[in-house]
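Structural overview
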Amino acid sequence: MNNNILVVDDEKEIRDLLEINLRNEGYNVFKASCGEEALEILDREEINLIVLDIMMPGMDGLEACTRIREKYNIPILMLSAKAEDMDKIQGIMTGADDYVCKPFNNLELTVRIRALFRRTYFLNTKMQVSDDIIRIESMVIDKRKHKVTVDGNEVALTAREFEILYTLATNRGRVFSAEEIFKKVWKEKYYQSNNTVMVHMSRIREKIEQHMEGNKVIHTVWGVGYKIEK
């Protein structure tokens, strides 16, 4: 797999700074100054991860993220000068996998990018082959291809959405609390007011159930957490 990163930001200084830092880490860097240009690059290049600014003229990062998710299942890390929780939630709901506020620390950004690559492309490489394909009714989860289909229709999940679904699917019948899911997928400290898991779960259900005639795959155990039935 290539390590091609697309940096999308309307500020040339930030694009150039990220290019230098990421190239020093061994990544190949493509740059776009707006959402429209980013979509053009995605159509002609093999991109493995996107760093996407939210506040841009014309097509902003949220709209670009939505457009990207219509065609591509590529991990997306969003950048924004705003740190309010609603901005984070809005970014996540459009399909972003992670979120970093400006001004950002170069080391933190690099660590988050590495983590996204690891979760998306290298996680659980030692898993037995028999565990790589999971079938639940008309849904097929292919761990090796990082792909989910329902009745042959591909479901475009983000890297974290896929990992949440895969965690529940490989532990069918077990109830996972929001805290357990957050710690397992994000590998960060969980705060009681954090509703990130709830937002992701809503998105996963929406994407899957539209192909399943309303049949529910993920069940909520009120006051406890989430599970996939045996």
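If you check an unreviewed UniProt entry, the protein appears there as Stage 0 sporulation protein A homolog from Clostridium gasigenes. Per UniProt, the protein carries the Function (unreviewed entry) text "May play the central regulatory role in sporulation. It may be an element of the effector pathway responsible for the activation of sporulation genes in response to nutritional stress. Spo0A may act in concert with spo0H (a sigma factor) to control the expression of some genes that are critical to the sporulation process."

**Some words on the packing of helix α7 (residues 178-185) against helix α8 (residues 196-209)**
Their axes nearest at 9 Å, the elements α7 and α8 cross at an angle of 85°. The orientation of α7 with respect to α8, classified from their angle, is roughly perpendicular. Contact residues: α7 offers Ala178, Ile181 and Phe182, while α8 offers Thr196, Val197 and Met201. Here the residues of the contact of α7 with α8 sort into five nonpolar, one polar and no charged.

**What about the nonpolar core?**
Among the nonpolar cores identified, the biggest contains 29 residues, and Met139, Ile141, Leu165 and Ile208 are the most heavily contacted of them. Counting only elements with at least two residues in this core, the list comes to β6 (133-136), β7 (139-142), β8 (147-150), α6 (159-169), α7, α8 and β11 (225-228). Of the residues forming this core, the biggest block, six residues, is contributed by α6.

**Describing the sheet that holds strand β1 (residues 4-8)**
Taken in spatial order, the five strands make up an open sheet running β2-β1-β3-β4-β5, and their pairing is parallel. The open sheet is flanked by β2 (28-32) and β5 (98-101), the only strands paired with a single partner. Within this sheet the neighbouring strands show an average axis-to-axis angle of 20°, counted without direction. Inspection of the sheet shows strand β3 (residues 49-53) paired to strand β4 (residues 76-80) by four bridges, in the parallel sense. For Val51, the partnering residue across the bridge sits in β4 and is Leu77. Contacts between helix α2 (residues 35-44) and the sheet are confined to β1, β2 and β3, with β2 contributing the most and set at about 140° to the helix. On top of the sheet, helix α3 (residues 61-71) reaches β3 and β4; it is set at about 170° to β4, its chief contact.

**Focus: the layout of surface pockets**
The space that makes up the second largest pocket amounts to roughly 360 Å³. Every residue lining the second largest pocket is counted, 18 residues in all, and those nearest its centre are Ala178, Tyr190, Met198, Gly225 and Tyr226. Of all the elements in the fold, those that place two or more residues in the lining of the second largest pocket are α7, α8, β10 (218-221) and β11. For the lining of the second largest pocket, the leading source of residues is α8, giving four residues. Of the residues assigned to the lining of the second largest pocket, the class counts are eight nonpolar, eight polar and two charged.

**Some points on the pattern of salt bridges**
Summed over all chains, the structure comprises 19 salt bridges. Residues Asp16 and Lys31 are paired through a salt bridge, measuring 2.8 Å at the closest nitrogen-oxygen approach. A residue pair is termed long-range when its members are at least 10 positions apart, and Asp16 in helix α1 (residues 12-24) and Lys31 in strand β2 qualify at 15 residues. Note that Glu161 and Lys207 form a salt bridge whose closest N and O atoms lie 2.7 Å from each other. Note that Glu161 is positioned in helix α6 and Lys207 in helix α8, a separation of 46 residues in sequence. The same class applies to Glu161 as to Lys207, namely buried. Here the salt bridges do not stand alone but share partners, grouping Lys12, Asp16, Glu19, Arg23 and Lys31 into one network.

Criteria and cut-off values
Residues numbered from 1 in each chain as written. Predicted model: local features only at pLDDT ≥ 70, side-chain atom pairs only at ≥ 80, totals over all residues. Heavy atoms only, no water. UniProt positions renumbered as here; feature names shortened; annotations may be inferred. Axes fitted to C-alpha atoms, helices over the stretch in contact; angles between N-to-C directions. Helix = DSSP H or I, 4+ residues; strand = E, 2+ residues; numbered from the N terminus. Parallel < 35°, antiparallel > 145°, perpendicular 65-115°, else oblique. Contact = heavy atoms within 4.5 Å. Nonpolar A, V, L, I, M, F, W, Y, C, P; charged D, E, K, R; others polar. Core = buried A, V, L, I, M, F, W, Y, C linked by side-chain atoms within 4.5 Å. Buried < 20%, exposed > 50% of the residue type's maximum accessible area, 1.4 Å probe, protein only. Pairing = 2+ DSSP bridges. 1 Å grid on protein atoms, 1.4 Å probe; cavity = no way out; pocket = protein on both sides within 12 Å on 5 of 7 lines; lining within 4 Å. Points joined across faces, edges and corners; volume = space filled by probe spheres on them. Salt bridge = Lys/Arg side-chain N within 4 Å of Asp/Glu carboxyl O.

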